[in-house]
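# Chains, contacts and geometry: an overview
The chain contents come next:
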Amino acid sequence: MLTDHKSSTLTQAPQMYFDLSEDQKQFQELAHTFAENEIRPVAPKYDEAEEFPWDVIKKANELGLMTYAFPEEYGGAGATSAVTSCVVTEELAWGCAGVATAMGGTGLCATPILIAGNPAQKAKYLTRLAAAHKLALGAYAITEPNAGSDVASMKTTAKKVSGGYVLNGTKQFITNGGLADIYVIFATLDPARRADGICAFIVEKDMGVKPGKKEKKMGIRASHTAQIHFEDVFVPEENRLGDEGDGFLVAMRTFEHTRPDVAAMAVGVARAAFEYAMDYSQQREQFGKPIARLQAIGFMLADMATDIDASRLLTWRAAWMLDQGLPVNKEASMAKRFAADTAMKVTTDAVQILGGVGYMRDYPVEKWMRDAKIMQIYEGTSQVQRVVISRMLTGW
Ligand SMILES: Cc1cc2nc3c(=O)[nH]c(=O)nc-3n(C[C@H](O)[C@H](O)[C@H](O)COP(=O)(O)OP(=O)(O)OC[C@H]3O[C@@H](n4cnc5c(N)ncnc54)[C@H](O)[C@@H]3O)c2cc1C
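Since this is a predicted model, take the numbers as computed values, not measurements.

Rules behind the numbers
Residues numbered from 1 in each chain as written. Predicted model: local features only at pLDDT ≥ 70, side-chain atom pairs only at ≥ 80, totals over all residues. Heavy atoms only, no water. Near = heavy atom within 4 Å. Polar contact = N/O pair within 3.5 Å; in protein donor to acceptor, adjacent residues only side chain to side chain. Helix = DSSP H or I, 4+ residues; strand = E, 2+ residues; numbered from the N terminus. Domains from an automatic or database assignment. Salt bridge = Lys/Arg side-chain N within 4 Å of Asp/Glu carboxyl O. Buried < 20%, exposed > 50% of the residue type's maximum accessible area, 1.4 Å probe, protein only. pLDDT = per-residue confidence, 0-100. Contact = heavy atoms within 4.5 Å. Disulfide = S-S within 2.5 Å. Pairing = 2+ DSSP bridges.

### Here we look at the site of the ligand
The local shell around the ligand holds 19 residues, among which Thr-143, Ser-149, Phe-173, Thr-381 and Gln-383 are the closest. In the environment of the ligand, a nitrogen atom lies 2.9 Å from a nitrogen or oxygen atom belonging to the side chain of Thr-175. The side chain of Gln-383 places a nitrogen or oxygen atom 2.7 Å from an oxygen atom of the ligand. Contributions of two or more residues to the shell around the ligand are made by strand E1 (138-141), strand E3 (164-175) and helix H11 (382-394). If one sorts the elements of the shell around the ligand by residue count, E3 sits on top with three residues. Taken domain by domain, the makeup of the shell around the ligand includes at least three residues from each of domain 2 (139-247) and domain 3 (252-394).

### Observations concerning the pattern of salt bridges
For the coordinates displayed, the defined rule picks out 25 salt bridges. Across the salt bridge formed by Lys-59 and Glu-38, the nearest N and O atoms sit 2.9 Å from each other. Taken together, the positions of Lys-59 in helix H3 (residues 54-63) and Glu-38 in helix H1 (residues 22-39) put the pair 21 residues apart, joining distant regions of the chain. Taking the relative accessible area as the measure of exposure, Lys-59 reaches 37% and is therefore partly exposed. You can call Glu-38 partly exposed: its relative accessible area is 27%. Of the charged contacts, one joins Arg-221 and Glu-50 as a salt bridge, the two residues approaching to 3.3 Å between their closest N and O atoms. Here the residue Arg-221 occupies a position in the loop between strand E6 (210-214) and strand E7 (225-236), and Glu-50 occupies one in the loop between helix H2 (43-49) and H3, the gap between them amounting to 171 residues.

### Observations concerning the confidence of the model for the chain
Model confidence for the chain is summarised by a mean pLDDT of 95, while 96% of its residues fall at 70 or above. Below a pLDDT of 50 lies the segment residues 1-11, which in the model reaches three contacts outside its immediate sequence neighbourhood of four places, other chains included.

### Topic: the state of the cysteines
Evaluation of the coordinates by the stated rule reveals zero disulfides. No disulfide involves Cys-86; its nearest neighbouring cysteine sulfur is the one of Cys-96, lying 19 Å away. Left unpaired, Cys-109 is separated from the closest cysteine sulfur, that of Cys-199, by 17 Å.

### Concerning the pairing of strand E2 (residues 157-161)
Pairing between E2 and E3: five bridges, direction antiparallel. Looking at E3, one finds that Val-161 is bridged to Gly-164.

Here it is as structure tokens:
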């Protein structure tokens, strides 16, 4: 039976607004302009050379685009909203996901300090990371050669000694690894204790972080990914984040905050490819008409646009929930899983819409396809996101 719409309980539901605030629109504009003028023109060069984009990163730092999300007392712009961060990240990744990842490595280092740092740690290290006049990069290191998705199996040890800890081990695939000035490192008091034995430490480069092999990558080639080694590196007790054994929780809470950002990055890459494919399909003619008017291509464009919108909505929901202080484990994983898989599909379809030229390096879409793949891997693979979601749903 049809119900009177006015008396339906639906009218009791809270209103939903998707408008950004004036502040958020300004950050979006700033990030978009930066992506268009400073990132896009040099993105192919850094991709080809597989070089770290120091000049872009320095400019971004001067503009405050690296640390705008830090509280003002530590030198940031106080734009602490997760929604703002997602809006900015989407624009930067629209410019180039490699450059956005190079910038994001510092945010990934700052997040556990913001979550678990004491006032002295925040004042010392966030202020250093936020200094506009002197660029300091951050990095976050949890992955090891034999501990990827199963982070609790890590072997890097932290041995308690007088006044602190001595770290030994190797971290793998670390964004900004070897370039960073400040690291958040996860190490275990005893590998047999698995998650319970893990501690997080703030480690300065000069304490003895040894750069290792730089990786050669499929995509996001402007970002620097490398091993780092610890050989009897002394870290003072005051640099431990939280209590002994808190490290696993710190890592998981960090991912709740950063997975929506990775999802936003995936949306940015997908949007770049979609826009290019849209334009191309309206200009390229075959069989006497633009290929956009062939139903096969038009349906592909329709699915691309729909999945990008759905990805952004999931991303903004997760970010909004973070801003409300709500638990967001499931929703952050849903956003990252869906947006990452969407980026892979949309960029692959964009190559298809361009046909042969899509496969050529003279056109940007093959780069976006290579860049998109990482979204399904770092900060937890798409399979691991499904593990998180299914655990949250079923409670096992
Ligand atoms: C470019 C790049 C940058 C990175 N940056 C950082 C960084 O800054 N800091 C950092 O700490 N790490 C970083 N990583 C590491 C990244 O987070 C890991 O690669 C990722 O978590 C997967 O771990 P793994 O590579 O060891 O794969 P594995 O864990 O060995 O997984 C291999 C395969 O098995 C699947 N799998 C594993 N476990 C399960 C399960 N329980 N259920 C179903 N499937 C499963 C995976 O989905 C994957 O398909 C980076 C990686 C890359 C490639």
